[in-house]
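Geometric and topological summary
Listed here are the chains, written in short residue letters.
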Amino acid sequence: MTNSNTIEQYGAAFISHLESKIKTKEPKNLYEPINYILGLGGKRLRPILTLMTADLFGGNFKDALDSAMAIEVFHNFSLVHDDIMDDAPLRRGKTTVHEKWDVNTGILSGDAMLINSYQFFESYSPEIFKKLTSLFSKTAIEVCEGQQYDVDFESRDDVTIPEYLKMIEYKTAVLVAAAMKMGAIIANASQDDTEAIYEFGKNLGIAFQLQDDYLDVFGDPETFGKQVGGDIIENKKTFLFLKSLEYAEKEQREGLLHLYSLKPEDSGTKVETVKSIFVESGAVEEAKKEINGYTQKAFDALTTISIPDANKAILKQFGENLMKRTV
């Protein structure tokens, strides 16, 4: 087994596999939108994780390419439908599918992507196929549950921190966890090891999303790649918001709730005021603690895995790099 593969090499192998699978067939209006969204790029984080995990568990990462495709096609399907639900004009800086075509196209092409994603498992032996599809279906339904919680939270004033953490676990973290577990399954890892790598991916995914919430408010606009303060402008009830409500003095709490009931034309003052409440209430400190806590939980899960220490070190390094990002 080689450990010399880098993230770039996995990425390149995945892209060439993706390109070999993308074909514009008839009817064009079904397949062109699929190829469009799959061609928009993005970090390809999840498929790369599938390949990397298969490799580190002693398998051949090329055997994991179809599984990596299933994850990427599913992830992009969920984005097409999310964008319709959010009425979003842009995705990765480009026009969203339903804006470029129309809503009906976005629904139908998304449906086809969901079905396509399952077809990628058909290249595996029956035993591996069964394990992969069971995990995939469980994950897919959790992603839907996470999305519904997210929608429900918009109209609720009593969201708790545990509920919020469950929402990000389902909406974001389980897909990262499943991507890694699939790689381990393809490499024929033991059940204990596949469960441990799932825990690693899940906790890292939660830490990643909490950090994303933090960077949305306090990130550097030059490097973050999104509008800083977007969550505040959208009145999103993130960890920082919920913690501030819990910790802030009565006056600040009322001020925060009031600001979150408005969508002013010029959001600059609102963003600045909310940021100062996040800091003064102690919510920022709590968020950092929580991010570190989940990152540590992820690293703890690695200790039980029976792979060479050098391979564990690669996973740990990956986790550290992911959490050091400013984007």
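Along each chain, numbering runs from 1 in the same order as the chain's sequence is written. In view of the model being predicted, local features appear only for residues whose pLDDT reaches at least 70, and side-chain atom pairs are presented and counted only at 80 or more, with totals across whole chains, interfaces and linings using the full set of residues. Side-chain measures here rest on the full set of heavy atoms in the structure, leaving out hydrogens and waters.

Helical segments are the DSSP runs of H or I of at least four residues, strand segments are the runs of E of at least two, and each set is numbered from the N terminus. Counting secondary structure elements, the protein chain contains 16 helices and 2 strands. Rg of the C-alpha trace for the protein chain: 20 Å, near the compact-globule value of 20 Å for 327 residues, within the 12% margin. Its C-alpha atoms put the protein chain at 60 × 50 × 35 Å along the principal axes. Per-residue burial over the protein chain gives 55% buried out of 327 residues. What the globule rule says is 2.2 Å times the number of residues to the power 0.38, and the radius of gyration is computed from C-alpha atoms. The cut-offs for exposure are 20% and 50% of the maximum accessible area for each residue type, with area from a 1.4 Å probe on protein chains only; residues under the lower value are buried, those over the upper are exposed, and the others partly exposed.

Residues with no salt bridge and a relative accessible area higher than 30% make up the patches, which join like charges within 9 Å and nonpolar side chains (Val, Leu, Ile, Met, Phe, Trp, Tyr) within 5 Å. Methods summary: accessible areas were calculated by the Shrake-Rupley approach with a probe of 1.4 Å, and residue burial reflects only the protein chains presented. A pair is scored as a salt bridge if a Lys or Arg side-chain nitrogen falls within 4 Å of a carboxyl oxygen belonging to Asp or Glu. The convention is simple: Lys and Arg are positive, Asp and Glu are negative, and His and the chain ends are not counted. The atom standing in for a charge is NZ when the residue is Lys, CZ when it is Arg, CG when it is Asp and CD when it is Glu. Together, D86, D87, E99 and E154 give the surface a local cluster of negative charge. Within the secondary structure, E154 is located in helix 7 (residues 126-154). Using a relative accessible area of 59% as the deciding quantity, one classes E154 as exposed.

This part takes up the pattern of salt bridges. Within this structure, the stated rule accounts for 13 salt bridges. Among the salt bridges present, the one from K21 reaches D66, with a minimum N-O distance of 3.9 Å. Here the residue K21 occupies a position in helix 1 (residues 7-21), and D66 occupies one in helix 4 (residues 65-86), the gap between them amounting to 45 residues. Accessibility expressed as a relative area gives 14% for D66, which makes it buried.

Attention now moves to the environment of A54. Topologically, A54 is positioned in helix 3 (residues 45-56). Taking C-alpha positions, A54 is 39 Å from D102, a pair spaced 48 residues apart along the chain. Excluding its chain neighbours within four sequence positions, the residues that come into contact with A54 are G59, F61, A64, G183 and A187. Should any heavy atoms of two residues lie within 4.5 Å, those residues are considered in contact.

Between helix 4 and helix 8 (residues 161-186), the least distance of the axes is 10 Å, while the angle of their chain directions is 165°. Taken together, the axis directions place helix 4 and helix 8 in an arrangement best described as roughly antiparallel. Seen from above, helix 4 lies across helix 8 with right-handed handedness. Contacts from S67, I71, F74, H75 and D82 of helix 4 reach helix 8 at K171, L175, A178, A179, M182 and I186. The classification used treats Ala, Val, Leu, Ile, Met, Phe, Trp, Tyr, Cys and Pro as nonpolar, Asp, Glu, Lys and Arg as charged, and all other residues, Gly among them, as polar. Residues of the contact of helix 4 with helix 8, tallied by class, amount to 7 nonpolar, 2 polar and 2 charged. Structural elements are reduced to axes, namely lines fitted to C-alpha atoms, with helices fitted over the stretch in contact, and the angle between N-to-C directions of any two is expressed from 0 to 180 degrees. Should an angle fall under 35 degrees it is taken as roughly parallel, and over 145 as roughly antiparallel, whereas 65 to 115 is taken as roughly perpendicular and any remaining angle as oblique. It is the rotation of the near helix from the far one that decides the hand of a crossing: anticlockwise by less than a right angle makes it left-handed, clockwise makes it right-handed.

Under the rule applied, a polar contact is a pair of N or O atoms within 3.5 Å (in protein, one hydrogen donor and one hydrogen acceptor; residues adjacent in sequence only if both atoms are side-chain atoms). Polar contacts involving the side chain of D66 include one to the side chain of H17, which spans 2.8 Å. Only 2.7 Å separates the side chain of D66 from the side chain of S123, close enough to count as a polar contact. Beyond its immediate stretch of four places on either side in the chain, D66 contacts H17, K21, F120, S123 and Y124.

Okay, the packing of helix 12 (residues 239-247) against helix 15 (residues 283-302) next. Helix 15 packs onto helix 12 with a crossing angle of 125° between their chain directions and a minimal axis gap of 9 Å. Here helix 12 lies oblique to helix 15, going by the angle between them. In the crossing of helix 12 with helix 15, the sense of the turn from one axis to the other is right-handed. Every residue of helix 15 that contacts helix 12 at F239, L240, K243, S244 and Y247 is listed here: A283, V284, E286, A287 and E290. Looking at the contact of helix 12 with helix 15, its residues break down into 6 nonpolar, 1 polar and 3 charged.

This brings us to the environment of L132. Mapped onto the fold, L132 is located in helix 7. Among the residues examined, L132 registers a relative accessible area of 0% and is labelled buried. Between the C-alpha atom of L132 and that of S67, which follows or precedes it by 65 residues, the distance is 8.2 Å. The residues touching L132, leaving out its near neighbours within four places in the chain, are S67, F121, Y124, M182, I185 and I186.

Another aspect to go through is the packing of aromatic side chains. Aromatic ring pairs are reported here in terms of the distance separating the ring centres and the angle at which the planes meet. The pairing test for Phe, Tyr and Trp rings, Trp by its six-membered ring, is centres within 6.5 Å, and the orientation test on the planes gives stacked under 30 degrees, edge-to-face over 60, and tilted for anything in between. Inspection of the entire model under this criterion finds 10 aromatic pairs. An angle of 85° between the planes, with centres 5.4 Å apart, marks the rings of Y10 and F61 as edge-to-face. With Y10 in helix 1 and F61 in the loop between helix 3 and helix 4, the pair connects residues that are 51 residues apart, well separated along the chain. Summarising the burial analysis for this pair, Y10 and F61 share the class buried. Every member of this aromatic cluster is reached through a ring pair, and the members are F74, F77, Y118, F121 and F136.

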